[in-house]
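So the chains spell out like this:
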Amino acid sequence: MPKRIGLIADTHGLLRPEAVALLAGSDLIVHAGDIGHPVILDGLRELAPVVAVRGNNDRGAWAESLAETAVVECPGLACYVLHDLQTLAIDPVAEGFGAVVCGHSHRAAIRESGGVLYLNPGSAGPRRFKLPVSVALLDIADGAPSARIEWIAV
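Described in the following lines is the structure provided in the data block. Because the structure is predicted, anything quoted here is derived from the model rather than measured. Each chain carries its own residue numbering, running from 1 in the written order of its sequence. Only residues with pLDDT of 70 or above have their local features reported here, since the model is predicted, and side-chain atom pairs are shown and tallied only from 80 upward, although totals for entire chains, interfaces and linings are computed over all residues. Remark: hydrogens and water are excluded; side-chain values derive from all non-hydrogen atoms of the structure.

## Description of the overall build of the protein chain
Piece 1. Here a strand is any run of E in DSSP of at least two residues, a helix any run of H or I of at least four, and the numbering for each starts at the N terminus. What the protein chain contains, in helices and strands, is four helices and 10 strands.
Piece 2. N-terminal to C-terminal, the α/β element order of the protein chain is β-α-β-α-β-α-β-β-α-β-β-β-β-β.
Piece 3. For the protein chain, the C-alpha radius of gyration of 14 Å lies close to 15 Å, the compact-globule estimate for 154 residues.
Piece 4. When its C-alpha atoms are laid out on the principal axes, the protein chain stretches across 35 × 30 × 30 Å. Computation of the radius of gyration draws on C-alpha atoms alone. For the globule rule, the value is 2.2 Å times the number of residues to the power 0.38.

Below you can see the structure in the form of structure tokens.
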């Protein structure tokens, strides 16, 4: 079972070497959508198994096989994955999820609400506006999650 989950989103067809370096050593990588091209997932799979969801900009035959949501089960922690948090159609607490992973906003964030950890790794792809470029790491020890944003200097 995964102990370190690398989180990435909004690559929009660009897999930065800095992101690859930060995600190296992950037991699992979660891509929260707006992948941009299937070669991105191929590159991530060279590091670890990948769970990916389709973002609003993921179009074409390659993207049709991606679900809009996914569930990642870790020891003592179930994570719900979707692209846009505004489309969350479940109650994570009632459904037993300890974490929700999303992307879309390009704004990295970690917050806790009602016992659920909400994680957005930000955007690891082309810089949008003046927002920073980032990924996130989620470590799970004894069923307890801890997360951090890793900023990419570009």
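Alright, that's what it looks like, and here's the rest.
## Here's the deal with the packing of aromatic side chains
Piece 1. Aromatic rings from Phe, Tyr and Trp, with only the six-membered ring used for Trp, were paired whenever their centres fell within 6.5 Å, and each pair was classed as stacked if the ring planes differed by under 30 degrees, edge-to-face if by over 60, and tilted otherwise. Tallying each qualifying case throughout the model produces one aromatic pair.
Piece 2. Charge-over-ring placement is defined geometrically: NZ (Lys) or CZ (Arg) within 6 Å of the ring centre, and within 35 degrees of the ring normal. Positioned over the ring face of Tyr118 is Arg111, at 4.4 Å from the centre of the ring.

## A look at the sheet that holds strand 6 (residues 99–101)
Piece 1. Strand order in the open sheet formed by five strands is 4-5-6-8-7, with mixed pairing between adjacent strands. Whereas interior strands pair on both sides, the edge strands pair on one side only; in this sheet they are strand 4 (69–74) and strand 7 (109–113). Averaged over all pairs of adjacent strands, the angle between their axes in this sheet comes to 20°, without regard to strand direction.
Piece 2. DSSP-based pairing: two strands are paired if at least 2 bridges between them are found. Bridge analysis of strand 7 against strand 8 (residues 116–120) gives five bridges, and the strand direction is antiparallel. Each bridged residue has a counterpart across the sheet, and for Ser113 the counterpart in strand 8 is Val116. Here an axis means a line fitted to C-alpha atoms, over the contact stretch when the element is a helix, while the angle between two N-to-C directions is reported on a 0 to 180 degree scale.

## Regarding the sheet that holds strand 1 (residues 4–8)
Piece 1. Pairing within the open sheet is mixed, and its five strands lie in the order 3-2-1-9-10. In this open sheet, the two edge strands, each paired with only one partner strand, are strand 3 (50–52) and strand 10 (144–152). Here the strands of the sheet are splayed against their neighbours by 20° on average, with no regard to which way each runs.
Piece 2. Examined bridge by bridge, strand 9 (residues 133–141) and strand 10 share nine bridges and lie antiparallel to one another. By the bridge assignment, Leu137 is partnered in strand 10 with Arg148.

## With respect to the pairing of strand 5 (residues 77–82)
Piece 1. With a 1.4 Å probe rolled over the protein chains alone, any residue whose accessible area is under 20% of its type maximum counts as buried; one over 50% counts as exposed, and the rest are partly exposed. Counting buried positions along strand 5 yields six of six residues, so the element is predominantly enclosed.
Piece 2. Neither face of strand 5 is exposed, since Leu77, Cys79 and Val81 on one face and Ala78, Tyr80 and Leu82 on the opposite face are all buried.
Piece 3. Relative to strand 5, strand 4 runs antiparallel, the two sharing six bridges. When the sheet's bridge partners are listed, Cys74 is paired in strand 5 with Leu77.

## Re helix 2 (residues 38–45)
Piece 1. Here helix 2 has its buried residues at Ile40, Leu41, Gly43 and Leu44. Buried positions in helix 2, seen along its axis, are confined to an arc of 160° and lie on one side of it.
Piece 2. Residues of helix 2 that are buried make contact with strand 1, helix 1 (17–23), strand 2 (28–31) and strand 3. In this context, the arc is that of the directions from the helix axis out to the C-beta atoms. Here, residues are in contact when the closest pair of their heavy atoms is within 4.5 Å.

Function-wise, these values are silent; they only describe arrangement.
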